[in-house]
Amino acid sequence: MSTTKALFEVPATPLVPVKGEAAAFPVHRIFCVGRNYADHAAEMGHEVDREAPFYFTKPASAIVPSGSEIPYPPGTSNLHYEMEFVVAIGAPAFRISTEDAGSIVYGYAAGLDMTRRDLQNAAKAKQRPWSLGKAFENSAVIGEITPKAVFGTVGPQRISLKVGDVVKQDAHLSDMVWSVAELISHLSQYYHLVPGDLIYTGTPAGVGPVVAGDRISGEVEGLSPITLVLGAAE
Ligand code: MN
């Protein structure tokens, strides 16, 4: 017996606007890279693992568009921003080489990996998964996607974040430990990457807390900037 009728309304796929395109990018999965900038790993009390990158994930439903105001999330008193360079995958790949990895990139966006740091740290201390700290509603902020040909080569661009008028994070994409090509190739050893997948490539040093009323603004040179306003807790 088979049926195509769902029991209840199927949630809509999040759509991310694309620069110069009428059509939007539909989000399938969100992979996030841990400790991909040495100075951020150090501020968290770790060294970068040069053997291999590691990942956690967020549900696609965590996507929130740049320009949003979100409620201060439940269950935390230490919400952190993490400014990140986001890779949008535009073609399928499985076990792709670093040499070929660039061919499956659709484009890039600026993003925020919002983190309930207190819950993440508690999980780390008990050697438990990070889901409560990382994979929650409104935790994956993303700006307009810029096609890769418009952006050009990844490396020299500055990545920076301000809370209000105060610069908190300021680095360059060339500071990443694992390159975009290396991340794609490595992830594709474990997953069949498909169009709609996003990779949040990690954050540089300078992460910190935000509170209700704060306005976050982030920039990656060559991409549309992002903003996020923190509202009151629900
Ligand atoms: Mn992150």
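All values derive from a computational prediction rather than experimental measurement.

What counts and what doesn't
- Residues numbered from 1 in each chain as written.
- Predicted model: local features only at pLDDT ≥ 70, side-chain atom pairs only at ≥ 80, totals over all residues.
- Heavy atoms only, no water.
- Helix = DSSP H or I, 4+ residues; strand = E, 2+ residues; numbered from the N terminus.
- Rg over C-alpha atoms; globule rule 2.2 N^0.38 Å.
- Buried < 20%, exposed > 50% of the residue type's maximum accessible area, 1.4 Å probe, protein only.
- Contact = heavy atoms within 4.5 Å.
- Areas by Shrake-Rupley, 256 points an atom, 1.4 Å probe, with all protein chains shown as cover.
- Lys, Arg positive; Asp, Glu negative; His and termini not counted.
- Charge placed at Lys NZ, Arg CZ, Asp CG, Glu CD.
- Core = buried A, V, L, I, M, F, W, Y, C linked by side-chain atoms within 4.5 Å.
- Salt bridge = Lys/Arg side-chain N within 4 Å of Asp/Glu carboxyl O.
- 1 Å grid on protein atoms, 1.4 Å probe; cavity = no way out; pocket = protein on both sides within 12 Å on 5 of 7 lines; lining within 4 Å.
- Points joined across faces, edges and corners; volume = space filled by probe spheres on them.
- Phe/Tyr/Trp six-rings, centres within 6.5 Å; stacked < 30°, edge-to-face > 60°.
- Lys NZ or Arg CZ within 6 Å of the ring centre and 35° of its normal.
- Pairing = 2+ DSSP bridges.
- Axes fitted to C-alpha atoms, helices over the stretch in contact; angles between N-to-C directions.

## Digging into the overall build of the protein
Item 1. Helix and strand counts for the protein come out as 6 helices and 18 strands.
Item 2. For the protein, the C-alpha radius of gyration of 17 Å lies close to 17 Å, the compact-globule estimate for 234 residues.
Item 3. Dimensions of the protein, computed from the C-alpha atoms along their principal axes, are close to 45 × 45 × 40 Å.
Item 4. Evaluated residue by residue, the protein yields a buried proportion of 48% over its 234 residues.
Item 5. Of the contacts formed within the protein by residues at least 6 apart in sequence, a portion of 76% connects residues at least 24 apart.
Item 6. Working note: accessible area of the protein is about 11400 Å², and carbon and sulfur atoms make up 54% of it.
Item 7. Charged side chains of the protein number 18 positive and 25 negative; the gap between the two group centres comes to 5 Å.

## A look at the nonpolar core
Item 1. Counting 47 residues, the largest nonpolar core has Phe-85, Val-87, Leu-112, Met-114, Ile-184, Ile-216 and Val-220 as the members making the most contacts within it.
Item 2. Once you skip the residues sitting within four places of it in the chain, Ile-184 turns out to touch Val-87, Ile-89, Ile-96, Ala-101, Ile-104, Val-105, Leu-193 and Ile-199.
Item 3. In terms of nonpolar packing, the next biggest core, distinct from the first, is built from 20 residues, Phe-25, Ile-30, Val-86 and Trp-130 among them.

## Some remarks on unusual backbone geometry
Item 1. Backbone geometry places Arg-35, a non-glycine residue, at a positive phi of 50°.
Item 2. Examined against the element boundaries, Arg-35 turns out to sit in the loop between strand E3 (30–34) and helix H1 (38–43).

## Considering the pattern of salt bridges
Item 1. All told, the structure shown has 6 salt bridges when counted by the stated rule.
Item 2. Asp-197 is paired through a salt bridge with Arg-29; the nearest N and O atoms lie 2.9 Å apart. Pair noted here: Asp-197 is in the loop between helix H6 (180–187) and strand E15 (198–200) and Arg-29 is in the loop between strand E2 (25–26) and E3, with a separation of 168 residues, a long-range link.
Item 3. Note on Asp-197: relative accessible area 0%, which makes it buried.

## Quick word on empty space enclosed by the protein
Item 1. Tallied over the full model, the rule gives 1 cavity of 30 Å³ or more.
Item 2. Considering only enclosed or pocket space, the largest cavity measures out at about 120 Å³ in volume.
Item 3. Together, 16 residues line the largest cavity, and Gly-34, Arg-35, His-40, Glu-82 and Gln-120 are the ones closest to its centre.
Item 4. Elements with a contribution of two residues or more to the lining of the largest cavity: E3, strand E4 (54–58) and helix H3 (117–125).

## Points about the packing of aromatic side chains
Item 1. For the structure shown, the criterion picks out 7 aromatic pairs.
Item 2. Here the aromatic rings of Phe-31 and Tyr-191 are separated by 4.7 Å at their centres, their planes lie at 55°, and the arrangement is tilted. With Phe-31 in strand E3 and Tyr-191 in the loop between H6 and E15, the pair connects residues that are 160 residues apart, well separated along the chain.
Item 3. Relative to Phe-151, the ring of Tyr-108 lies with its centre 5.1 Å away and its plane at 55°, an arrangement referred to as tilted. One end of the pair, Tyr-108, is in strand E9 (residues 105–113); the other, Phe-151, is in helix H5 (residues 148–151), with 43 residues separating them in the sequence. By the burial criterion, Tyr-108 is buried, and Phe-151 matches it.
Item 4. In textbook terms, an aromatic cluster arises when at least three aromatic residues are bridged by ring pairs, as seen for Phe-54, Phe-56 and Trp-130.
Item 5. One cation-aromatic arrangement involves Lys-58 over Phe-136; the distance from NZ or CZ to the ring centre is 5.7 Å.
Item 6. Above the face of the Phe-136 ring, Arg-116 is positioned so that its terminal group lies 4.2 Å from the ring centre.

## So, the sheet that holds strand E17 (residues 215–220)
Item 1. Strand order in the open sheet formed by 5 strands is E6-E18-E17-E13-E14, with mixed pairing between adjacent strands. Where the open sheet ends on each side, the last strands, each with one partner, are strand E6 (68–72) and strand E14 (166–172). Averaged over all pairs of adjacent strands, the angle between their axes in this sheet comes to 20°, without regard to strand direction.
Item 2. Looking at chain direction, strand E13 (residues 158–163) and E14 are connected through 6 bridges and run antiparallel. Across the sheet, the residue bridging to Ile-159 is Ala-171, located in E14.

## Concerning the sheet that holds strand E7 (residues 79–81)
Item 1. The antiparallel open sheet is built from 3 strands, whose spatial order is E10-E7-E16. This sheet does not close on itself; its edge strands, each paired only once, are strand E10 (115–116) and strand E16 (208–209).

Worth remembering: the numbers are spatial, not functional.
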